[in-house]
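Single-letter residue listing:
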Amino acid sequence: MRFMKVAAAAAIFLAAVGGAEAKDWSKIRIGTEGAYPPFNNLTADGQLVGFDIDIANALCAQMKVECEFITQDWDGMIPALQAGKFDAVIASMSITEERMQKVDFSNKYYNTPPAIAVPKDSPITEASDAALDGKLLGAQSSTTHSNYAEAKLPSAELKLYPTPDEYKLDLGSGRIDAAIDDVVVLSDWLATDDGACCKLLGTLVPDPVINGQGAGIAIRKDEPELKAMLNDAIAAIRADGTYEKIQSKYFDFDVYGG
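A brief structural summary.

**Examining the nonpolar core**
Core analysis: the largest hydrophobic core is formed by 47 residues, its most contacted members being I28, F51, L59 and I217. For this core, the element with the highest residue contribution is helix 2 (residues 51-63), accounting for seven residues. Those residues in contact with F51 that sit more than four places away from it in its chain are P38, F39, Y109, Y110, Y243, I246, Q247, Y250, F251 and V255. Counting residues in each nonpolar core, the second largest holds 16 residues, with V118, I124, L201 and I210 among its members.

**Structural notes on the packing of helix 2 against helix 10 (residues 242-250)**
Across the interface, helix 2 lies against helix 10 with an axial gap of 10 Å and an inter-helix angle of 160°. The angle between helix 2 and helix 10 falls in the class roughly antiparallel. Helix 10 is crossed by helix 2, and the crossing has right-handed handedness. Seen from helix 2, the contacting residues are F51, D54, I55 and A58; seen from helix 10, they are T242, Y243, I246, Q247, K249 and Y250.

**Side note on the packing of helix 6 (residues 164-173) against helix 7 (residues 183-190)**
Following both chains from N to C, one finds helix 6 and helix 7 inclined at 55°, their axes separated by 12 Å at the closest point. Judged by the inter-axis angle, helix 6 sits oblique to helix 7. Helix-helix and strand crossings are classified by hand; for helix 6 and helix 7 the assignment is right-handed. Residues Y167, K168 and L171 of helix 6 touch helix 7, and the partners they reach there are V185, L186 and W189. Of the residues belonging to the contact of helix 6 with helix 7, the class tally is five nonpolar, no polar and one charged.

**Considering the pairing of strand 6 (residues 88-94)**
Side chains on a regular strand alternate between the two faces of the sheet. Extensive coverage of strand 6 is indicated by the burial of seven of its seven residues. In this structure, strand 1 (residues 27-32) lies alongside strand 6, joined through two bridges in parallel fashion. Of the residues in strand 6, the one forming a bridge with I30 is A88. Sheet topology note: the strand 6/strand 13 (residues 215-219) ladder contains four bridges and is antiparallel. Paired with S94 across the two strands is A215, which belongs to strand 13.

**Describing the sheet that holds strand 9 (residues 136-140)**
Pairing within the open sheet is mixed, and its five strands lie in the order 10-9-11-8-12. The sheet terminates laterally at strand 10 (157-161) and strand 12 (198-203), the two strands that pair on one side only. Ignoring which end each strand starts from, the neighbouring axes of this sheet average 30° apart. Alignment of strand 8 (residues 114-119) against strand 12, held across five bridges, turns out to be antiparallel. Within strand 12, the position partnered with P119 by the bridge is C198. On top of the sheet, helix 5 (residues 144-152) reaches strand 8, strand 9, strand 10 and strand 11 (178-182); it is set at about 130° to strand 11, its chief contact. Across the sheet, helix 6 is in contact with strand 8, strand 9, strand 10, strand 11 and strand 12; its angle to strand 11 comes to roughly 145°.

**A closer look at the environment of T192**
Examined against the element boundaries, T192 turns out to sit in the loop between helix 7 and strand 12. In this structure the side chain of T192 is engaged in a polar contact, spanning 2.6 Å, whose partner is the backbone oxygen of W189.

**Let's talk about the pairing of strand 1**
Inspection of the sheet shows strand 1 paired to strand 5 (residues 66-71) by six bridges, in the parallel sense. Considered in strand 5, the bridge of K27 is made with E66.

**Here's the deal with unusual backbone geometry**
With an omega of 5°, the peptide bond running from P37 to P38 counts as cis. With respect to the helices and strands, P38 occurs in the loop between strand 2 (35-36) and strand 3 (40-42). Backbone geometry at S92 places phi at a positive 55°, although glycine is not the residue there. Residue position: S92 is located in strand 6. Judged by relative accessible area, which is 9%, S92 ranks as buried. The backbone phi angle of D222 is positive, close to 65°, even though this residue is not glycine. Topologically, D222 is positioned in the loop between strand 13 and helix 9 (224-239). With relative accessibility at 72%, the residue D222 sits in the exposed group.

The rules behind the values
Residues numbered from 1 in each chain as written. Predicted model: local features only at pLDDT ≥ 70, side-chain atom pairs only at ≥ 80, totals over all residues. Heavy atoms only, no water. Core = buried A, V, L, I, M, F, W, Y, C linked by side-chain atoms within 4.5 Å. Buried < 20%, exposed > 50% of the residue type's maximum accessible area, 1.4 Å probe, protein only. Helix = DSSP H or I, 4+ residues; strand = E, 2+ residues; numbered from the N terminus. Contact = heavy atoms within 4.5 Å. Axes fitted to C-alpha atoms, helices over the stretch in contact; angles between N-to-C directions. Parallel < 35°, antiparallel > 145°, perpendicular 65-115°, else oblique. Left-handed = near helix turned anticlockwise from the far one by under 90°. Nonpolar A, V, L, I, M, F, W, Y, C, P; charged D, E, K, R; others polar. Pairing = 2+ DSSP bridges. Polar contact = N/O pair within 3.5 Å; in protein donor to acceptor, adjacent residues only side chain to side chain.

Here's what the structure looks like:
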């Protein structure tokens, strides 16, 4: 009887392991925000474009899988991933210890520093806590940039926004004094007609604890096969020149970082 119970338990365990190994990754659903140019953005006709999107498509081609994109508000991105709405997040999500308590990550696929933008006629002369004392500083909520502002720029009065579009409007109209975001996001906006109001004040020294190791692909915990597939694909597109080709479409410098 004891042998039969052990055999039955072993059979159940093997079936469970076999089921996990047999998970079908021929199609991967990818969550992204669609509101963070030049990394991910929705065009007027509803098409997703940007560096994140091109990288995602290159990874899918490398893995020889079908990929479906699903847009999701930033604040709900991790809960939606955990709930199974999609399988991976490719949306410039920084790899941080706080997030790694909830989800797993691939290796990084880029790493750029935070920066401060201000109106062109601003009296603020440097990107420092002292210079921002008493100033209204805008940031997108639930981001490493808002966390950085709270920790490193406590003298500023922080105002949070659901997407970058809102803080850009307020900065352009003078309702806030400065904004913090990724240097690439700010520089891309400043090069447009809408961003002609403002200038880049300077970059900030990243904090590894707050800013993490760079942007990675978030996946649910306990998905080792998918993680390995993504890491192998990232390495492959870096090695064969695909990454550099995509990067040169958007940037004139190395966004992969050190």
